[in-house]
Amino acid sequence: MGNLTRRAVLAGAGAALAGTAVSPHLSGAAPAAADPVHTVRPHDPRYPQLVTGNNQRFVAAPEYFRMLRSPADAEQAVRQAVETGKRVSVRSGGHCFADLVCHPEAQVVLDLSGMHGVGYDPAMRAFAVEPGARLLNVYEDLFTGWGVTIPGGMCWSVGAGGHVAGGGYGLLSRAHGLVVDHLHAVEVVVVDREGRVRTVVATRDPKDPHHDLWWAHTGGGGGNFGVVTRYWFRSPDAQGADPAGQLVRPPSTVLVRAVSFPWEDLGEREFTRLLANFGRWHEEHSAPDAPQRKLSSVFNVCHRAHGSLDIFIQVDGDAPEAQRILDDYLGRLTDGTGLTPKTMRKGSGDLAAMPELGEAQRLPWLNAARLVGLNNPTITHPSLRGAHKSALLRKGFTDAQLSTMYRHLTSAEYANPNTMIVLFSYGGRVNSVAPGATAAAQRSSIFKMLFQTFWGDASGDRAGLGWTRGIYEEFFADTGGVPVPNGRYEGCYVNYPDTDLKDPARNRSGVPWHDLFYGANHRRLQEVKRRWDPTDYFRHSLSIQPR
């Protein structure tokens, strides 16, 4: 269970009192500011491995990395950086799509990957998760220990730190909401106007004087307000004292199927009908109480050079008529296309290597989470460069958008097999929460889009960025090249950061980047920033500015 063992949590839980400034040691590790083992400088053989994250386009050159091991260690590291006038950036899992962590101005990178404990805190009556815990490890620890989970993302190696701060979404979200809908408390190292450093616990309780800091971490994005050293999770409707009753219980089994639509079977008519059907199904079945909220899918609409379009579908195996829901979904997708879903070819792509799922299979939920988590484009290209752009849609595709996707995904000018538009099922219980109840403002979308491509080295930057920008800006041509919130769009997902949104040459809408990510919640986030980080000490290229 990593540094934060169940025994350590039980022993140290009394230190974590909501709404107080604390320096708990639940990790059981002493501060390591003077320990060279935990400070990585340029001469250290570990340094080259740490200067970049998942996206090799962005590289840091800090004076040192501090490998944090405990909340007290984090507080001491921040204090040292403040006292010496160093600019910091914060990293948990290293999956940031933009330069929010790895950038030339970062003099100190605070790396939280060593803080990866998961356990139950009886004093909080909640589950404690440290920011460096990888999502799959979180799922395994919570489920094998207590039979519970959080409705988080699919990529196994994403760190909890940034994932949670940005809202957190996964295959269980249509049934159970966003991760932050179950966030009970957060522990944060902050810096005040006089440069004093302290650790604060903020909770969901509206009477907590630090409640606004909790709210800011329910979708306000990572690296904005301080260094998160621990999250606590408890569902709002939890009852009693039994740990097994404090969080979401995943289905005991899930019905899963992974199939492909080979490009050799797809002309423009078949392609556009297939994608139009996808949009219509989600328009009809994304209400908070729809029985079909128990179904979620990930649809990789890949470039023709890849060979196929690949889709993974998961249905709660405990749901009544699970098989009918799955069959109806595939039937609706293919209606009027003449297409027959094919078994994925072994090794044919990022959702591939799953030929055994050509027909529906019933799997234990954790086995399915492991399977899809290890077949994900974000981690199957760890040494590549990439471009990523997001959107959340309230309606299906227009004819013009379908034509744009077909043309760009069949272009011979950019025939890169690692190019795709990923469509994530959204809505359901995500949309049962008011936009202002959390900082995650997008609460009426039906699916999420991720436009992305990967390539090998800097020589491919112009083509890769050109393709991604070209399709995205044409797709949203009706609103200035970006998904301006309106009756059809609901902005962008902050966990897919995109600095192009700040560039008036790329964002011609006149709507500022922060409104695309935060909507009406941006003003309140500025107020939180002014209170908790008044000197703008924690900042990056898309950080919230104090109001």
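The notes below deal with the structure included here. All values reported here derive from a predicted model rather than from experimental measurement.

## Focus on the pattern of salt bridges
Thought 1: If you walk through the whole model with that rule in mind, you get 30 salt bridges.
Thought 2: A salt bridge links Lys 86 to Glu 63, with the nearest nitrogen and oxygen atoms 3.0 Å apart. With Lys 86 in the loop between α3 (71–83) and β3 (88–91) and Glu 63 in the loop between α2 (47–50) and β2 (64–67), this residue pair connects regions lying 23 residues apart in the sequence.
Thought 3: As a salt-bridge pair, Arg 87 and Glu 105 come within 2.5 Å of each other at their nearest N and O atoms. Linking Arg 87 in the loop between α3 and β3 with Glu 105 in the loop between β3 and β4 (108–111), this pair joins segments that are 18 residues apart in sequence.
Thought 4: Judged by its relative accessible area of 12%, Arg 87 falls in the buried class.
Thought 5: Here the salt bridges do not stand alone but share partners, grouping Lys 389, Arg 469, Asp 498 and Asp 500 into one network.

## Regarding the packing of aromatic side chains
Thought 1: Summed over the entire model, instances satisfying the criterion amount to 28 aromatic pairs.
Thought 2: Note on Phe 475 and Phe 476: the rings are 4.8 Å apart at their centroids and 70° apart in plane angle, and the pair reads as edge-to-face.
Thought 3: Take Phe 475: its relative accessible area is 2%, and that puts it in the buried class.
Thought 4: Members of the aromatic cluster, joined through ring pairs, are Phe 261, Phe 278, Phe 299, Phe 397, Phe 447, Phe 451, Tyr 472, Phe 475, Phe 476 and Tyr 489.
Thought 5: Over the aromatic face of Phe 424 sits the side chain of Lys 448, whose NZ or CZ is 4.9 Å from the ring centroid.
Thought 6: Sitting above the plane of the Trp 215 ring, Arg 524 keeps its charged end 3.9 Å from the centroid.

## Quick look at unusual backbone geometry
Apart from glycine, the bulk of residues carry a negative phi angle, and the bulk of peptide bonds sit in the trans form.
Thought 1: You will see that Arg 125, though not glycine, has its phi angle at about 55°, which is positive.
Thought 2: By the element assignment, Arg 125 lies in the loop between β5 (118–121) and β6 (126–129).

Quick notes on the rules
- Residues numbered from 1 in each chain as written.
- Predicted model: local features only at pLDDT ≥ 70, side-chain atom pairs only at ≥ 80, totals over all residues.
- Heavy atoms only, no water.
- Salt bridge = Lys/Arg side-chain N within 4 Å of Asp/Glu carboxyl O.
- Helix = DSSP H or I, 4+ residues; strand = E, 2+ residues; numbered from the N terminus.
- Buried < 20%, exposed > 50% of the residue type's maximum accessible area, 1.4 Å probe, protein only.
- Phe/Tyr/Trp six-rings, centres within 6.5 Å; stacked < 30°, edge-to-face > 60°.
- Lys NZ or Arg CZ within 6 Å of the ring centre and 35° of its normal.

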